[in-house]
Amino acid sequence: MQRLKKIFEDILEHARPNLTMVGLFSSVGYLAYYFIWKDVFPQPYENLSLRIFCAVISLPTILFRYIPDSLRKFFPLYFSCTLFFADPFFFSFMMLKNECSIVWIMSLLTGIFMMTLLLSNWKVIGLMTAGGLVAAYFAVLLLDGRVSFTHFLPEYIPIFVFSIVGGIIFNHKRQLANKTKISLLKSLSGSIAHEMRNPLGSISSAIASVQVTLPKKPDFESENERYVISHSGLITIHSVIEESSKMLNSANKIIDSILTSMQGGEVATRGFLRIRAGDAVDSAVKSFPYNDGEEKKFITVSKITDFDFFGDRDLFFYVLFNLLRNSLYYKDKAGFCIEIIVDAVASSNSIRVRDTGPGIRANKRELVFESFYTANKKGGNGLGLSFCRRVVEAFGGTITCDSKEGEWTEFLITLPKYDSRKVQEIKNKIIHEKQILIADDKLSNRLILAGYLSDMNCHFDVAENGNQALALLSENRYDLVFMDFEMPFLNGDDAVKLIRSSQNIDPSLALHYFRAPIIGTTALPESEAAARALKCGMNEVLIKPVRRSDISEIIERYFFSERKTVKDPKEESIENKRILLVDDNETSRKFMTMVLKHYGCVVGQAVHGRDALDALEKEDFDLVLMDVDMPIMDGIDATKTIRSGTYFTRFTAYNTIPIIALTGNNDEQSMRKIKDAGMNCHLGKPVFKDELLTAIVVMLNNDTYGNKTMSITKTNGQEQSSSEFWSTFESEAVLDNSIIDSLKEIGGNELIASLLETFIVDSDKLIAELADAVAQGNIQQLDHIAHTLKGSSGSVGANKMYVLSRYINEFFRKGEWPDNSSWMEIMKTAYAETVLGLQNYIRIEA
C-alpha cells in the first residue's frame, strides 16, 4: 500500500510544475474539440456528457495550491485517477467508438505523448496506456455489445508501437538526465556545506577562546562596573577576529572555485602566488578542523627538501584538507597513522600524503578522481578528489593514487619547479590579463618601459603627464602603475595623492586604486625620491635608467609574491562620520554597527528601502550602506528614488551622498543594475571589516590618508663622498650601450638615430643655457637645467652626462654650488665626449 502511495505521490510531484496549464488546457480543450469534431470536421461519434465530465474533474488541478491541507493528502490519488480517465481511457474509448478512424488514432497518440511529458516513470506510462485501452475496450463492448475496427489497418500497429515505445524511451532518458542534475545539485550543496563546515567550526572554536579571555558576563544590575582586559587578552581577541575573517574569505574563494568548476570553467589562476611548500603544509595541518584533539596526533610532517611552488594557498589547503579528511575516516584502524612528506628532486617537487588505512583496489585508484565517486563512504559527495585534481593541474602539476590493499594508501602531488617553463607559461597567461600604465613625459623612457613590458606579454597604456594619467586611471582598471615624478602640468607625486584619496577617480575604481601598486620612476637623488614617494603614497621607487631586471623584479614582487602592498587607512579617518546602514538582516546590521561604532562612526539603521528614505529625510548622513535584496523596497529602487530627489523636501544631498551596495550577487547583470541605479560601488557579502572600512574611507573622498607605512625600496647603493666622486668620474663609461640597444630593439635604427640626434640638438641648447645661468649666478635656473639634463641623458644612455648631471643637481637643489670649481669645464668636456660617441654610434648603425 505504501509503495502504491509513493507511486501516486511521484506522479503528482513530477506533474506539479505543469498542473495549472494541464487543468486549463483540459477544461477548455475537451469542450472546444467537441464543436470541432461535431461541426467543423464531423466525426461519426461524439459525446458531450463525457467531455463535460472530463473537463469538470480536471478543474481541481487549476486550484491545487488553494486546496486545504486536510484534503491535499488525497490529491495524489485523485490526480492519478483523473489522468488515467481523461487521457488514455478517454482517447481509447473515443477511438474505438469511431471504429479506429485515422483522426482518433492520431488523437490517441497525441494523448499518450502528452502523458509522457507529465509522468516520470516509464512503467506507469506503459501500465496506464495498456489499462486505458483495455478499460475502453470493455466499456464499448458493454455499451454496444461489440467492438468494431472498421478503419483499422495493420500498418498502424508498428507506427503505434514505435510512437509509444519511442516516447517512453525518450522520456526515460530525460528523467535520467534530470535525476543526474538533481544528484549533481545534491552533491554540490553537500560539498559547499562541507567547505562551510571547516571555517564555521574554526570560528566556533575561536569564539570559545575569546570567551575564555573575556571577563565573566556581567548581570544587568552591574552596569556601572568597569572591567579590565590584559594586553595579551586584547591581542588574542584581535588575532581571533582576524583569523576568523581569513577563514571566511578562504571558504568564499573555495566555494566560488567549486561553482566555477561545476559550470565547466577552469580554476581561476589570477591570484596564484609563490608559496613555500613546507610552511603551507604546516599551516594546513595546524588549521585543519579536527573532530577531536586526538586526531592531530595521527599526523606527522617530514620536510626532506623544502621548495617553492606556484599556486593558491587557500586552494592548496583545500587539497590537503580533503586528503586528510579522507584518511582520518579510517582512524579507528589499529596502528593508523598519516605521514606527509615534502621533498624536491632535480626535475620536480613532490608532496606525499600516506595513511595506513585499508587501501584501495587497483581498479578503483583512478576512479576516486571522478566526479560523484564516493567509495561508499558515509557522508561523501564525490566532488572532493575530483576538484583536487583540477586544482593541482591548475598549479601545473599532477596528483595520483597508489595503494596496497590492507596496508596503505598514498596520494602523490607532483608540482613543477618554480623557475620551470610550465610555471612561466602560467605566469605569462596571468600577466597577459594584467593592465599596466606608464606615465612619463620623456618618449625614450616610455619606449624603454614599453619594450620591457611587451617582451613580458603585458598589456599597457602610456601617458605623457599626470593629467593624462588621471584621465586613463579614471576610465580603466590598471593592476600596476609606473609614475614619473617630474612631469609637466601635474607632477607624478601630486597625481598619486589624488589617486590614493580617490579624487577624480570613478567610484567603481576607487577601491581598487586605494591599494593598487604605484611605482615611482625618477632621476632624483634616492633620499629625496624616497621621501616624496613616502609622502604621496607610492609603494617604492626605481631610479633611472630603469633596467629590464628592475621591471622583472617589480612584476614578481607585486603580482606573484605574498606581500601586502598598502596597509589599512588610519582608523581616525572615519571618526564621527554618520553612516546610514540599510539591511533587512539583523545579524548583518549588528556586525557592521559594532565595527563602525568601534571606529567612532555614528550609525543609523533601516530595515528596508522605504525606512532609508524616511531616515534621510529626518537626519543628515555622510554615507549610505545599502543592501540590494530587501522586502517592501529593495536597494535598487531605494537608490533610484534617492538619486531622483522627488521623495525629499528637507534632504538636499540626494545626488552626491555616497551609496555603497551590499550584495551576494557578483554577476554582470547585477553589477549593471547597481551602477545604473546610481550606487557608487559595491561590497560582496559576507562583508569583512577591512573591506568595509576601506570602502567607506574611499567613498568619503578622504584627504588625510596616511602613507607612512608604505615600504620604499632603495636602489643603486649609497651616496658617494666628494673626493670619491671626482676621482672615479673620469673612468665612467661615456655611453650605456645596454640602454641604447634596448631603444634600438624597440624602434629600430631609424628611431634610435632620430632620438639621439634630437638629444644632441636639445642638449646643445641646455649646455648654453647652463653657461648663461652660471654667469648670472641663478641657482634655481641651474637646478632646473641640471635636472632636465639628468633625465634626458639617462633616457638615451648618455651615461657620463647622466652621472655628472645627477651629482651637481643634488647641490643645486640644496641652493649650493658644486664642490669642484671646474665643474662647468668638466661638464663641457663630458658633453663633447658624449656627442662624439653618439655620432659614431649613429654612423656605425647607418
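So, a few notes on the structure that sits alongside this text. Small disclaimer: the values here were computed from a predicted structure and weren't measured.

Let us look at the overall build of the chain. On a plain count of helices and strands, the chain comes out with 29 helices and 17 strands. Relative to its 846 residues, the chain shows a buried fraction of 48%. Of the roughly 42,600 Å² that the chain leaves accessible, carbon and sulfur atoms contribute 55%.

Before going further, it helps to spend a moment on the sheet that holds strand β10 (residues 480-484). Read across the open sheet, the five strands follow the order β9-β8-β10-β11-β12; overall the sheet is parallel. Two strands close off the open sheet at either side, each with one partner strand: β9 (459-463) and β12 (540-543). The average undirected angle you get between the axes of adjacent strands in this sheet is 20°. Contacting β10 and β11 (518-522), helix α16 (residues 492-500) crosses the sheet at an angle of about 145° to β10.

Turning to the nonpolar core, a few remarks are in order. Residues Phe316, Phe482, Ile551 and Ile555 are the most contacted members of the largest nonpolar core, which totals 72 residues. Per-element tally for this core: the top contributor is helix α11 (residues 313-328), with ten residues. Residues in contact with Ile551, not counting those within four places in the same chain, are Leu449, Tyr452, Leu453, Met456, Phe482, Leu542 and Val546.

We now examine the pairing of strand β3 (residues 308-311). Side chains of β3 alternate between two faces, with Asp308 and Phe310 and Phe309 and Gly311 buried alike. Here four bridges tie strand β1 (residues 273-276) to β3, and the two strands are oriented antiparallel to one another. If you follow Arg274 over to β3, its bridge partner there is Phe310.

Our next topic: the pattern of salt bridges. Counted according to the given criterion, the structure contains 29 salt bridges. Residue Glu540 pairs with Arg557 through a salt bridge whose shortest N-O separation is 2.8 Å. With Glu540 in strand β12 and Arg557 in helix α19 (residues 548-560), this pair connects stretches of sequence that are 17 residues apart. Glu833 is the partner of Lys800 in a salt bridge, and the nearest nitrogen-oxygen pair spans 3.1 Å. Of this pair, Lys800 sits in helix α28 (residues 799-813) while Glu833 is found in helix α29 (residues 823-845), placing the two residues 33 residues apart along the sequence. Overall, Lys800 belongs to the buried group, its relative accessible area being 3%.

What follows covers the sheet that holds strand β2 (residues 299-303). Sheet strands pair by backbone hydrogen bonding; their relative direction is either parallel or antiparallel. Across the sheet, five strands lie side by side as β2-β4-β5-β7-β6; this open sheet has mixed pairing. Taken across any chain shown, the strands that pair with only one partner, and hence form the sheet edges, are β2 and β6 (398-404). Here the average twist between neighbouring strands, direction ignored, is 15°. Where strand β5 (residues 349-355) meets strand β7 (residues 408-415), seven bridges bridge the pair, whose relative direction is antiparallel. Looking at the pairing, Arg352 lines up with Leu412 of β7.

This part takes up the packing of aromatic side chains. Per the counting criterion, the structure on display carries 39 aromatic pairs. Taken together, the ring pairs connect Phe272, Phe307, Phe309, Phe310, Phe316, Phe395, Tyr418, Phe559 and Phe560 into an aromatic cluster. Stacked on the ring of Phe559, the Lys or Arg Lys434 has its end atom at 4.8 Å from the ring centre. Sitting over the face of the ring of Phe621, Arg578 holds its NZ or CZ atom 5.3 Å from the ring centroid.

With that out of the way, let us pick up the side chain of Ser474. Here Ser474 shows up in helix α15 (residues 466-475). A polar side-chain atom of Ser474 sits 2.8 Å from the main-chain carbonyl oxygen of Ala471.

On to helix α22 (residues 635-644), then. Of all the ten residues making up α22, seven are buried; the element is thus mostly covered by neighbouring parts of the structure. Among all positions of α22, only Gly635, Ile636, Ala638, Thr639, Thr641, Ile642 and Arg643 are buried. Next to the buried residues of α22 lie α21 (609-618), β15 (623-627), β16 (659-663) and α23 (668-677). Regarding α22, its N-cap is Asp634, as a side-chain oxygen of that residue lies 3.2 Å from the backbone nitrogen of Ile636 further along. Backbone geometry just downstream of α22 places Gly645 in the positive-phi region, at approximately 80°.

With that settled, the discussion passes to α19. In an α-helix there are 3.6 residues to a turn, and that puts residues three or four apart on one side. In a regular helix each residue adds 1.5 Å, so 13 residues correspond to 18 Å; α19 covers 17 Å between its end C-alpha atoms and thus fits that length. Looking at α19, one finds that the buried residues are Asp550, Ile551, Ile554, Ile555, Tyr558, Phe559 and Phe560.

Let us now look at a nonpolar patch on the surface. On the surface, Val134, Tyr137, Phe138, Leu141, Phe149, Phe152, Ile157, Val161 and Val165 cluster together into a nonpolar patch covering about 760 Å² of accessible area. Those elements that provide at least two residues to the nonpolar patch are α7 (122-144) and α8 (156-213). When residues in the nonpolar patch are grouped by element, the largest group, four residues, is from α7.

What follows concerns the pairing of strand β17 (residues 681-684). Here β17 shows a buried face lined by Cys681 and Leu683 and an unburied face lined by His682 and Gly684. As defined by bridge partners, β16 adjoins β17 across four bridges and the pair is classed as parallel. Looking across to β17, one finds that Ala661 is bridged to His682.

At their nearest, the axes of α15 and α16 sit 9 Å apart, and the two run at 25° to each other. Between α15 and α16, the angle falls in the class roughly parallel. Note that α15 runs across α16; the crossing there is right-handed. When α15 is examined against α16, the residues Gly466, Leu470 and Leu473 are found in contact with a partner set consisting of Ala495, Leu498 and Ile499. Of the residues that constitute the contact of α15 with α16, the class distribution is five nonpolar, one polar and no charged.

To continue, consider unusual backbone geometry. The omega angle of the peptide bond from Lys544 to Pro545 is 0°, so this bond is cis rather than trans. If you trace the backbone, Pro545 turns up in the loop between β12 and α19. Of note in the backbone geometry, Glu99 takes a positive phi value of approximately 55° without being a glycine. With respect to the helices, strands and loops of the structure, Glu99 is situated in the loop between α5 (75-97) and α6 (102-118). With phi around 70°, Ile632 is a residue other than glycine that occupies positive phi space. Among the secondary structure elements, Ile632 is positioned in the loop between β15 and α22. Residue classification places Ile632 among the exposed positions, given a relative accessible area of 62%.

The rules behind these values
- Position numbers for residues start from 1 in each chain and track the written sequence from start to end.
- Local features in this predicted model are restricted to residues of pLDDT 70 or higher, and side-chain atom pairs are both shown and tallied only at a pLDDT of 80 or more, whereas totals for entire chains, interfaces and linings draw on every residue.
- Here the side-chain values reflect all heavy atoms present in the structure, with hydrogen atoms and water set aside.
- For helices the rule is a DSSP run of H or I covering at least 4 residues; for strands it is a run of E covering at least 2, with both sets numbered from the N terminus onward.
- Each residue is assigned to one of three classes by its accessible area relative to the maximum for its type, calculated with a 1.4 Å probe on protein chains only: buried under 20%, partly exposed between the two thresholds, exposed over 50%.
- Only the protein chains shown count as cover for residues, and all accessible areas are computed by the Shrake-Rupley method using a 1.4 Å probe.
- Only when DSSP finds a minimum of two bridges between them are two strands counted as paired.
- Every axis corresponds to a line fitted to the C-alpha atoms, with the helix fit spanning only the stretch in contact, and the corresponding angles, defined between N-to-C directions, vary from 0 to 180 degrees.
- Throughout, a residue-residue contact means that at least one pair of heavy atoms, one from each residue, lies within 4.5 Å.
- Definition of nonpolar core: a set of buried residues of the types Ala, Val, Leu, Ile, Met, Phe, Trp, Tyr and Cys, connected through side-chain atoms within 4.5 Å.
- In the sections that follow, a salt bridge refers to a side-chain nitrogen of Lys or Arg positioned within 4 Å of a carboxyl oxygen of Asp or Glu.
- Classification of ring pairs uses Phe, Tyr and Trp, with its six-membered ring standing for Trp, and accepts pairs whose centres are within 6.5 Å; under 30 degrees between planes counts as stacked, over 60 as edge-to-face, and the remaining range as tilted.
- Charge-over-ring contacts are defined here by two conditions on Lys NZ or Arg CZ: a distance within 6 Å of the ring centre and an angle within 35 degrees of the ring normal.
- Counted as a polar contact is a pair of N or O atoms within 3.5 Å, where, for protein atoms, one must be capable of donating a hydrogen and the other of accepting one, and residues adjacent in sequence contribute only when both atoms are in side chains.
- By definition here, a helix of n residues has an expected span of 1.5 Å times n minus one.
- Like charges within 9 Å and nonpolar side chains (Val, Leu, Ile, Met, Phe, Trp, Tyr) within 5 Å are joined into patches, using only residues over 30% in relative accessible area that form no salt bridge.
- Small angles under 35 degrees read as roughly parallel and large ones over 145 as roughly antiparallel, with 65 to 115 read as roughly perpendicular and the rest as oblique.
- A clockwise turn of the near helix away from the far one marks a right-handed crossing, whereas an anticlockwise turn of less than a right angle marks a left-handed crossing.
- Nonpolar residues are Ala, Val, Leu, Ile, Met, Phe, Trp, Tyr, Cys and Pro. Charged residues are Asp, Glu, Lys and Arg, and all others, Gly as well, are polar.

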